[in-house]
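# Topology and contacts: notes
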Amino acid sequence: QNIVEELKENQTNFSFALPENLNAQMRTYQKIGYQWLKTIDKYGFGGVLADDMGLGKTVQILALILSYINEKGKDAKPSIVICPSSLSLNWLNEVKKFAPSLKCIAIGGNAMQREKQINKISTCNIVITSYELLKRDIELYKEKNYEFKYAIADEAQYIKNNNTQNAKAIKVVNAETRYALTGTPIENSLSELWSIFDYIMPGYLFGHKKFKEEYETPIVKDEDEKTMEKLKQLIEPVSYTHLRAHET
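Keep in mind that what you see is a predicted model, and the values were worked out from it rather than measured.

Next up on the list: the nonpolar core. In this structure, Ile 80, Leu 134, Tyr 141, Phe 148, Ile 159, Ile 170 and Leu 231 are the most contacted members of the largest nonpolar core, which totals 39 residues. Broken down by secondary-structure element, the contributors of at least two residues to this core are β2 (79-83), α6 (131-144), β5 (148-154), α7 (165-170), β6 (175-181), α8 (190-200) and α9 (208-220). Considering every element that reaches this core, the biggest residue donor is α8, with 7 residues. With residues up to four places along the chain from it excluded, the contact list for Tyr 141 reads Ile 80, Ile 107, Ile 118, Ile 121, Thr 129, Leu 134, Tyr 146 and Phe 148. Grouped together as the second largest cluster of nonpolar side chains are 33 residues, Phe 16, Val 59, Ile 126 and Ile 152 included.

Turning our eyes to something else, we now look at the packing of helix α2 (residues 28-43) against helix α3 (residues 57-72). At a minimum axis distance of 9 Å, the contact between α2 and α3 shows a crossing angle of 50°. In terms of orientation, α2 and α3 fall into the oblique class. In the crossing of α2 with α3, the sense of the turn from one axis to the other is right-handed. Counting all contacts with α2, which are made through Gln 30, Gly 33, Tyr 34, Leu 37 and Lys 38, the residues of α3 involved are Val 59, Gln 60, Ile 61, Ala 63, Leu 64, Ser 67 and Glu 71.

So, about the sheet that holds β2. If you trace the 6 strands from one edge of the open sheet to the other, you get β1-β6-β5-β2-β4-β3, paired in parallel fashion. Since the sheet does not close on itself, it has two edges, and those belong to β1 (47-49) and β3 (104-106), each with one partner. Between one strand axis and the next, the sheet turns through 20° on average, direction left out of account. Note: β1 against β6, 3 bridges, orientation parallel. Along β6, the bridge assignment pairs Val 48 with Ala 180.

So, about α8. With 11 of its 11 residues buried, α8 lies for the most part within the structure. When we look at burial in α8, the residues that qualify are Leu 190, Ser 191, Glu 192, Leu 193, Trp 194, Ser 195, Ile 196, Phe 197, Asp 198, Tyr 199 and Ile 200.

Take the pattern of salt bridges next. Applying the stated criterion across every chain, the model contains 11 salt bridges. Among the salt bridges present, the one from Glu 139 reaches Lys 142, with a minimum N-O distance of 3.2 Å. Note that Glu 139 and Lys 142 are positioned in helix α6 at a spacing of 3 residues, about one turn of the helix. Between Lys 212 and Glu 216 there is a salt bridge, with the nearest N and O atoms lying 3.6 Å from each other. Here Glu 216 and Lys 212 lie together in helix α9, a separation of 4 residues that amounts to about one turn.

As a further point, take the packing of α3 against helix α4 (residues 88-98). At a minimum axis separation of 10 Å, α3 and α4 run at an interaxial angle of 60°. Between α3 and α4, the crossing angle belongs to the class labelled oblique. Remark: the crossing between α3 and α4 carries right-handed chirality. On the side of α3, the interface is formed by Thr 58, Val 59, Ile 61, Leu 62 and Leu 66, while α4 contributes Trp 91, Glu 94, Val 95 and Phe 98. Split into classes, the residues belonging to the contact of α3 with α4 amount to 7 nonpolar, 1 polar and 1 charged.

The subject of this paragraph is the side chain of Thr 227. Topologically, Thr 227 is positioned in helix α10 (residues 225-235). Here Thr 227 is in contact with Glu 214, Tyr 215, Pro 218 and Ile 219, once residues within four sequence places are set aside.

On to the pairing of β2, then. Along a regular strand, successive side chains alternate from one face of the sheet to the other. Within β2, 5 of the 5 residues are buried, leaving the element largely enclosed by the surrounding structure. Neither face of β2 is exposed, since Ser 79, Val 81 and Cys 83 on one face and Ile 80 and Ile 82 on the opposite face are all buried. Pairing of β2 with strand β4 (residues 126-130), which is carried by 5 bridges, proceeds in the parallel orientation. Note that in β4 the partner of Ile 80 across the bridge is Val 127. Two elements, β2 and β5, share 3 bridges in a ladder whose sense is parallel. Opposite Ile 80, over in β5, you have Ala 151 as the bridge partner.

Basis of the calculations
Residues numbered from 1 in each chain as written. Predicted model: local features only at pLDDT ≥ 70, side-chain atom pairs only at ≥ 80, totals over all residues. Heavy atoms only, no water. Core = buried A, V, L, I, M, F, W, Y, C linked by side-chain atoms within 4.5 Å. Buried < 20%, exposed > 50% of the residue type's maximum accessible area, 1.4 Å probe, protein only. Helix = DSSP H or I, 4+ residues; strand = E, 2+ residues; numbered from the N terminus. Contact = heavy atoms within 4.5 Å. Axes fitted to C-alpha atoms, helices over the stretch in contact; angles between N-to-C directions. Parallel < 35°, antiparallel > 145°, perpendicular 65-115°, else oblique. Left-handed = near helix turned anticlockwise from the far one by under 90°. Pairing = 2+ DSSP bridges. Salt bridge = Lys/Arg side-chain N within 4 Å of Asp/Glu carboxyl O. Nonpolar A, V, L, I, M, F, W, Y, C, P; charged D, E, K, R; others polar.

Honestly, that's just the spatial picture; any functional story needs more than this.
Below, the structure is given as structure tokens:
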């Protein structure tokens with residue numbers, strides 16, 4: 001009800017200050033992306049950050065996490081980044097570069113080593129793991145009953161097929177707010193879009209069967225423009241070009 005009232009009264013023009021301990025000069029579009037991520041979190045939604053590769057999705061997420069840590073202090077929950085194994089080291093380096101104050105751990109090694117690392121998650125601000133390792137370790141996460149503040153799926157096309165172990169494992173991770181980072185939300189079918197939304201906001205695009213019957217088939221098979229427009233209204237972000245990027 002509060003969300004509806006705020007939207008009616010056009011009170012969505014929030015301005016969230018950038019964390020002072022972010023070791024980066026963000027560009028205007030990155031600041032707007034940060035405002036977008038913070039607004040989604042305020043409303044308790046999940047979201048897709050779909051900037052192209054190399055445009056700084058990582059620094060926007062780190063600004064978000066830093067802001068949360070600064071607000072909550074010792075009460076802050078850890079956040080988890082799930083990415084392709086080839087990017088784990090890159091995420092670790094980006095954390096050290098842009099947010100050195102954050103306690104970060106990258107899960108790796110053999111099963112025994114990973115179990116020791118997973119047991120220490122509660123002492124960290126950010127946990128980095130790969131889709132491949134999350135599949136192997138998901139029972140440990142469930143056993144420890146971790147609740148993360150943010151779960152970030154980097155290169156989210158890795159979960160585009162809902163029937164894969166990648167998708168099944170990441171959707172088990174317990175987090176308050178979920179984000180998907182990808183430059184290609186749809187590559188081959190609308191089911192890929194559904195699977196990503198099933199991760200960030202389960203149920204928002206209904207069950208897969210209903211989505212396929214009411215959206216995918218009419219749009220793809222019948223080229224139904226009305227149905228396409230209806231889906232667009234469900235997934236299109238509110239225009240955030242009016243958001244003033246905070247200059248501090």
